[in-house]
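Structural features, examined
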Amino acid sequence: MQLVSCFPFTECPHLLCRDCGADGTCVLCSECFQRSAHRKHRYKMHTTGGGGFCDCGDEEAWKDGVRCEIHQPAVRELDVESSVPSGMSVRAYGVAEQCMRYAVDVLSWNMNDPLPLDLREDMDDYYVAVLVNDEVHSFDEVIHKMCGVLKCSSVQALQLATEVDRLGRTSVLIGSKSKCEEAKTEIKRGTLKKGRELRVDIIPALLLAHQECAIQLLQWLREIGTQCAVLRNLFCEVALKSPANNAVSGSMLGEVLSMDALLWKDARNACQQLFMRQ
């Protein structure tokens, strides 16, 4: 048996696939479930105060769909340096440097500052109300509030709550800034718990689009790095390089470490998997 142990869960939702589970104790965390074949099967969702471990990768726990997309066996590495064509390393270095620089900049961008001119488009008047995971409010509280404010179904509200838990944030409304501010006020009203209200950020739609693109770029670089040791080493050089003309800012890795606590779950995972798990 080869076990791929995911993170332990306490009160976060876990899911049981009725079609593939070996018994009623075989469960997946929400992150693995959303990236597995089981999401299209018959399933049940539970929460528990006792805690447990995700069974993703446990061959004795599942009749089919043993591993989610995240925990698939790694593709065989291309270790031979000669496998990289002449001149490709120079071009790959430039591409990686531009991608990483762009990603670090937009993920850490102050939402109140205008984007650089070369990143602007005809979306400056649109904003997005983004619900952010605060690790305090329960699934039921979020679902109830989403149904009340957004007038959506309980199924749609559950999808939003699951996405907040899995990614760290989710978009709940797009429109003018004033419309998003109104939604923010309604969502936060009456949700004070342990000194916190539900957190809603108002983010320019264009900045949000760039941030989602940045996460995809980081995941793309990581995927390439897992398949080619030469390129992985090159990416590490880019991450550790300190600009000669700006020694204060240090390397991009240093910037990522300094902004880690400010990122939401999806962005933090993308940065950590590329910059710290290569």
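Scroll up to find the structure this text is about.
Since the structure is predicted, the reported quantities are computational estimates derived from the model, not experimental observations.

Side note on the overall build of the protein chain
A count of helices and strands for the protein chain gives nine helices and eight strands. Counting all 278 residues of the protein chain, 42% fall into the buried class. Residue pairs in contact within the protein chain that sit at least 24 positions apart in sequence constitute 73% of those at least 6 positions apart. Of the accessible surface of the protein chain, which amounts to about 15,600 Å², a share of 50% is contributed by carbon and sulfur atoms.

With respect to the nonpolar core
Core analysis: the largest hydrophobic core is formed by 41 residues, its most contacted members being Met100, Leu107, Leu218, Cys271 and Phe275. Of all elements in the fold, only α2 (88–107), β6 (127–132), α6 (205–227), α7 (229–240), α8 (252–259) and α9 (265–275) reach the threshold of two or more residues within this core. The element contributing the most residues to this core is α2, with nine residues. Here Phe275 is in contact with Met100, Val104, Leu218, Ala239, Leu253 and Val256, once residues within four sequence places are set aside. Of all hydrophobic cores here, the second largest spans 18 residues; its members include Ala129, Leu131, Val142 and Ala157.

Considering the side chain of Asp266
By the secondary structure assignment, Asp266 is in helix α9. The side chain of Asp266 sits in the buried core without any salt bridge; Arg166 is the nearest counter-charge, 6.6 Å away. Asp266 has contacts with Leu167, Ile215 and Gln219, leaving out every residue within four places of it along the chain.

What about the pairing of strand β2 (residues 14–17)?
Covered by surrounding structure in β2 are His14 and Leu16 together with Leu15 and Cys17, the residues of both alternating faces. Note that β2 and strand β3 (residues 28–29) share two bridges and pair antiparallel. The partner of Leu15 across the bridge, within β3, is Leu28. Bridge count for β2 against strand β4 (residues 43–46) is four bridges, and the pairing is antiparallel. Along β4, the bridge assignment pairs Leu15 with Met45.

Observations regarding the sheet that holds β6
Judged by pairing direction, the sheet is antiparallel, and its three strands sit side by side in the order β7-β6-β8 without closing on themselves. The open sheet has two edge strands, β7 (169–175) and β8 (199–204), and neither has a second partner. Pairwise comparison of adjacent strand axes, ignoring direction, gives a mean angle of 30° for this sheet. As paired elements, β6 and β8 share six bridges and run antiparallel to each other.

Notes on the environment of Ala96
Mapped onto the secondary structure, Ala96 falls in helix α2. Its relative accessible area of 0% is what places Ala96 among the buried residues. Contact partners of Ala96, with chain neighbours within four places excluded, come to Leu221, Leu234, Phe235 and Val238.

Parameters and conventions
- Residues numbered from 1 in each chain as written.
- Predicted model: local features only at pLDDT ≥ 70, side-chain atom pairs only at ≥ 80, totals over all residues.
- Heavy atoms only, no water.
- Helix = DSSP H or I, 4+ residues; strand = E, 2+ residues; numbered from the N terminus.
- Buried < 20%, exposed > 50% of the residue type's maximum accessible area, 1.4 Å probe, protein only.
- Contact = heavy atoms within 4.5 Å.
- Areas by Shrake-Rupley, 256 points an atom, 1.4 Å probe, with all protein chains shown as cover.
- Core = buried A, V, L, I, M, F, W, Y, C linked by side-chain atoms within 4.5 Å.
- Lys, Arg positive; Asp, Glu negative; His and termini not counted.
- Salt bridge = Lys/Arg side-chain N within 4 Å of Asp/Glu carboxyl O.
- Pairing = 2+ DSSP bridges.
- Axes fitted to C-alpha atoms, helices over the stretch in contact; angles between N-to-C directions.

What is shown is where atoms sit, not what they do.
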